[in-house]
Amino acid sequence: MAQIARSPRQVGNIIQRARKQRGLTQTDLANLAGLRQELISRIETGHEGTKLSSIYALFAALDLELVVDKRSGRTSKEIEDIF
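Every value quoted in this text rests on a predicted model; they were computed, and no experiment measured them.

Reading the values: the criteria
In this numbering scheme, every chain counts its residues from 1 along its sequence in written order. For a predicted model such as this one, the threshold for reporting local features is a pLDDT of at least 70, and the threshold for listing and counting side-chain atom pairs is 80 or more; totals across whole chains, interfaces and linings nevertheless cover every residue. As a rule here, side-chain values come from all non-hydrogen atoms in the structure, and water together with hydrogens is ignored. Each salt bridge in this description consists of a side-chain nitrogen of Lys or Arg and a carboxyl oxygen of Asp or Glu lying within 4 Å of one another. Only runs of H or I of at least four residues qualify as helices and only runs of E of at least two qualify as strands under DSSP, and these elements are numbered from the N terminus. Type-normalised accessible area, obtained with a 1.4 Å probe on protein chains alone, sets the label of each residue: buried when under 20%, exposed when over 50%, and partly exposed for intermediate values. Each polar contact in these results corresponds to two N or O atoms within 3.5 Å; when the atoms are within protein, one needs to be able to donate a hydrogen and the other to accept it, and residues that are neighboring in sequence are counted only if both atoms are side-chain atoms. Residues count as neighbours in contact if any of their non-hydrogen atoms are within 4.5 Å of one another.

1. Looking at the pattern of salt bridges
1) Next: In this structure the tally under the stated criterion is two salt bridges.
2) Next: Between Arg-19 and Glu-44 there is a salt bridge, with its nearest N and O atoms 2.6 Å apart. Highlighted residues: Arg-19 in helix 1 (residues 8-21) and Glu-44 in helix 3 (residues 37-44), separated in sequence by 25 residues. For the pair shown, Arg-19 and Glu-44 are each scored as buried.
3) Next: The salt bridge partner of Arg-36 is Glu-38, with a shortest N-O separation of 3.4 Å.
4) Next: By relative accessible area, Glu-38 is classed as partly exposed at 42%.

This is the structure:
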């Protein structure tokens, strides 16, 4: 099922949900992705400034993929309000 993420917090929520659905701890996921548990915690809580390479490593470990698509149903003004 496709999920939309428009902020670091939303990406973190997606990762956390996928991790829990697979019955993994943050430490388990960190080991699978070659990252530190502390970084997993920061990403799941929406820390800004995470390297894309770390996100890609987590997606690979969770068997997820990143898809980029046009925004749907929003005006420019509404999009500006997000930021």
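2. Focus on the side chain of Glu-44
1) Next: Residue classification places Glu-44 among the buried positions, given a relative accessible area of 2%.
2) Next: Among the polar contacts made by the side chain of Glu-44, one reaches the side chain of Gln-16 at a distance of 3.5 Å.
3) Next: Not counting the four nearest positions on each side in its chain, Glu-44 is found in contact with Arg-9, Gly-12, Asn-13, Ile-15, Gln-16, Arg-19 and Gln-26.

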